[in-house]
Amino acid sequence: MWNALSQPDIAPDDPAYSDARRRVLGRLGEYAALAIGPLNLRPTAARLLREDAERAEVRISTRSSHVVLVIATDGDLAPEVFWLRALAASNLPIPRLIAHDLSCTTLPFAYAIESYIGGSPLDLLEDGPRMRLLARQAGRTLRRSHLVAAPGFGRPALSGRWPAGSWIEALGGWLARREILARADEALGAEGAAALRAATLDHPALLCARPCVIHGAVEPARAIVTVGDTTQLEALTRPGDLVGGDPMFDLAYGLLPRHPAAFRQGLLEGYSAAGPLDAEQQARLARLSLLLTTVDTLQSGGAAAIARLPDTVAEALRELA
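Predicted model, so just to flag it, every value in this text is computed and none were measured.

K.L.:
Sorry, what's going on with the overall build of the protein here?
P.N.:
From N to C terminus, the protein includes 10 helices and 10 strands. Here the C-alpha atoms of the protein give a radius of gyration of 20 Å, agreeing with the 20 Å that 2.2 N^0.38 yields for 321 residues. Across its three principal directions, the C-alpha atoms of the protein cover 60 × 45 × 40 Å. The buried share of the protein, taken over its 321 residues, is 47%. On the protein, roughly 15,400 Å² of surface is accessible, and the fraction owed to carbon and sulfur atoms is 50%.

K.L.:
Help me out: how do you make sense of the sheet that holds strand 8 (residues 223–227) in this one?
P.N.:
The strands making up a sheet are joined through hydrogen bonds of the backbone, oriented either antiparallel or parallel. Taking strand neighbours across the sheet as the criterion, the 3 strands line up as 6-8-9 in an open arrangement whose pairing is antiparallel. Sheet topology places strand 6 (120–121) and strand 9 (231–236) at the edges, where each strand pairs with a single neighbour. The pairing of strand 6 with strand 8 spans 2 bridges and is antiparallel. Across the sheet, the residue bridging to Pro121 is Ile224, located in strand 8. Packing against the sheet, helix 4 (residues 128–145) makes contact with strand 8 and strand 9, and its axis sits at approximately 45 degrees to strand 9.

K.L.:
How do you make sense of the packing of aromatic side chains when you look at a structure like this?
P.N.:
Aromatic rings in a pair are described by how distant their centres are and how their planes are angled relative to each other. Enumeration according to the criterion identifies 5 aromatic pairs in this entry. Over the ring of Tyr17 we find Arg21, and its NZ or CZ is 4.2 Å from the ring centre. The lysine or arginine in question, Arg59, covers the ring of Tyr116, its NZ or CZ lying 5.2 Å from the ring centre.

K.L.:
Explanation requested: the sheet that holds strand 2 (residues 55–61) in the structure shown.
P.N.:
If you trace the 5 strands from one edge of the open sheet to the other, you get 1-2-3-5-4, paired in antiparallel fashion. The sheet terminates laterally at strand 1 (45–51) and strand 4 (97–101), the two strands that pair on one side only. The sheet shows a mean angle of 20 degrees between the axes of neighbouring strands, direction not considered. The pairing of strand 3 (residues 66–72) with strand 5 (residues 111–115) spans 5 bridges and is antiparallel. Its bridge partner being in strand 5, Val70 is matched across the sheet by Ala112.

K.L.:
Before we go on, may I ask you to explain the nonpolar core in this structure?
P.N.:
It is characteristic of soluble globular proteins that their nonpolar side chains tend to be buried jointly. Trp83, Leu122, Trp167, Leu171 and Phe249 are the most contacted members of the largest nonpolar core, which has 64 residues in total. Apart from the residues within four sequence positions on either side, Trp167 is in contact with Phe153, Leu206, Cys208, Ile214, Leu242, Gly244, Gly245, Asp246 and Phe249.

K.L.:
Is there a simple way to think about the environment of Cys212 in this case?
P.N.:
Mapping Cys212 onto the fold places it in strand 7 (residues 212–213). With relative accessibility at 16%, the residue Cys212 sits in the buried group. Remark: the alpha-carbon pair of Cys212 and Glu57, spanning 155 residues in sequence, is separated by 28 Å. For Cys212, the residues in contact, after removing those within four places along its chain, are His146, Val148, Ala149, Ala150, Val243, Gly244, Gly245 and Pro247.

K.L.:
Please explain helix 3 (residues 78–86) as it appears in this structure.
P.N.:
Because the α-helix completes a turn every 3.6 residues, residues three or four places apart line up on one side. With respect to burial, helix 3 is a largely interior element, 7 of its 9 residues being buried. Within helix 3 the residues assigned to the buried category are Ala78, Pro79, Glu80, Val81, Phe82, Trp83 and Leu84. Looking at the buried side of helix 3, the elements it contacts are strand 2, strand 4, strand 5, strand 7 and strand 9.

K.L.:
Teacher, can you tell me more about unusual backbone geometry here?
P.N.:
The backbone of Cys104 shows a phi angle near 60 degrees, a positive value even though the residue is not glycine. With respect to the helices, strands and loops of the structure, Cys104 is situated in the loop between strand 4 and strand 5. Located in the positive-phi region is Arg238, a residue other than glycine, with phi close to 50 degrees. For Arg238, the position within the fold is in the loop between strand 9 and strand 10 (244–245). Relative accessible area serves as the criterion here: at 12%, Arg238 is assigned to the buried category.

Rules used in this analysis
Residues numbered from 1 in each chain as written. Predicted model: local features only at pLDDT ≥ 70, side-chain atom pairs only at ≥ 80, totals over all residues. Heavy atoms only, no water. Helix = DSSP H or I, 4+ residues; strand = E, 2+ residues; numbered from the N terminus. Rg over C-alpha atoms; globule rule 2.2 N^0.38 Å. Buried < 20%, exposed > 50% of the residue type's maximum accessible area, 1.4 Å probe, protein only. Areas by Shrake-Rupley, 256 points an atom, 1.4 Å probe, with all protein chains shown as cover. Pairing = 2+ DSSP bridges. Contact = heavy atoms within 4.5 Å. Axes fitted to C-alpha atoms, helices over the stretch in contact; angles between N-to-C directions. Phe/Tyr/Trp six-rings, centres within 6.5 Å; stacked < 30°, edge-to-face > 60°. Lys NZ or Arg CZ within 6 Å of the ring centre and 35° of its normal. Core = buried A, V, L, I, M, F, W, Y, C linked by side-chain atoms within 4.5 Å.

Read these as layout, nothing more, since geometry by itself doesn't imply function.
See below:
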């Protein structure tokens, strides 16, 4: 059973696979057995659910239940472990954290064991009205999660400390890790990049005094849903790198233009169901939306989208002014 998980034949010159990713997949069965062993689960089956440059997820089954082993191939799982633990008592649709090891003691990689959530990612659903309905549920879930205070901004270190001293510092570090400011200089020119920074990262409207627990990567692919006799959001999964900060970051991320219109509309409707955004929230949302749209375009947009970015940013800056 365990041996069938391993994939030792990945071509060593395949640029899609880092050395760490190749190592995890090549010994995945061995790693899964080591991680699951202390739980005494008596597994009957194991199946690779998904894997990418950042993580591998394995569903491990017993006669009566399933769990998911998550192995980090890039970075660690400190933000995810914090997010799951911080919201565990909130009765929200999220996975349950069963065990974890961030110290790389058992395996040479950080791992977590979580409850298995059955269903499909929302991005596979083509039915617009149902997507809007499910996105409303996601919006309500986000709003409730934002009631929980975070102990700091950004993400925790492995020691449990929160290094960033402010939301702006956490945002700046997040951008730096993605080399966004340097890439913005290239795409927008020095003057355009300076104007973008002045309207976002350096603008006093973005100050956030009290960090809340945030998801940090809201998108349809991270919402697990079931569609049938009932249409239900089963879980929000896979939080991003920023898990403490301004709730409007979550909303801005979920409203990125690349997401389906039905998802964006439903998410905002669900989030606003408990009460409309106030003027300050709307102002922060507008500026964060500009920042995240720029980040998203630079990271995953095609050549045409990047070529249009100076006009897109200039128009947004005029609207903010």
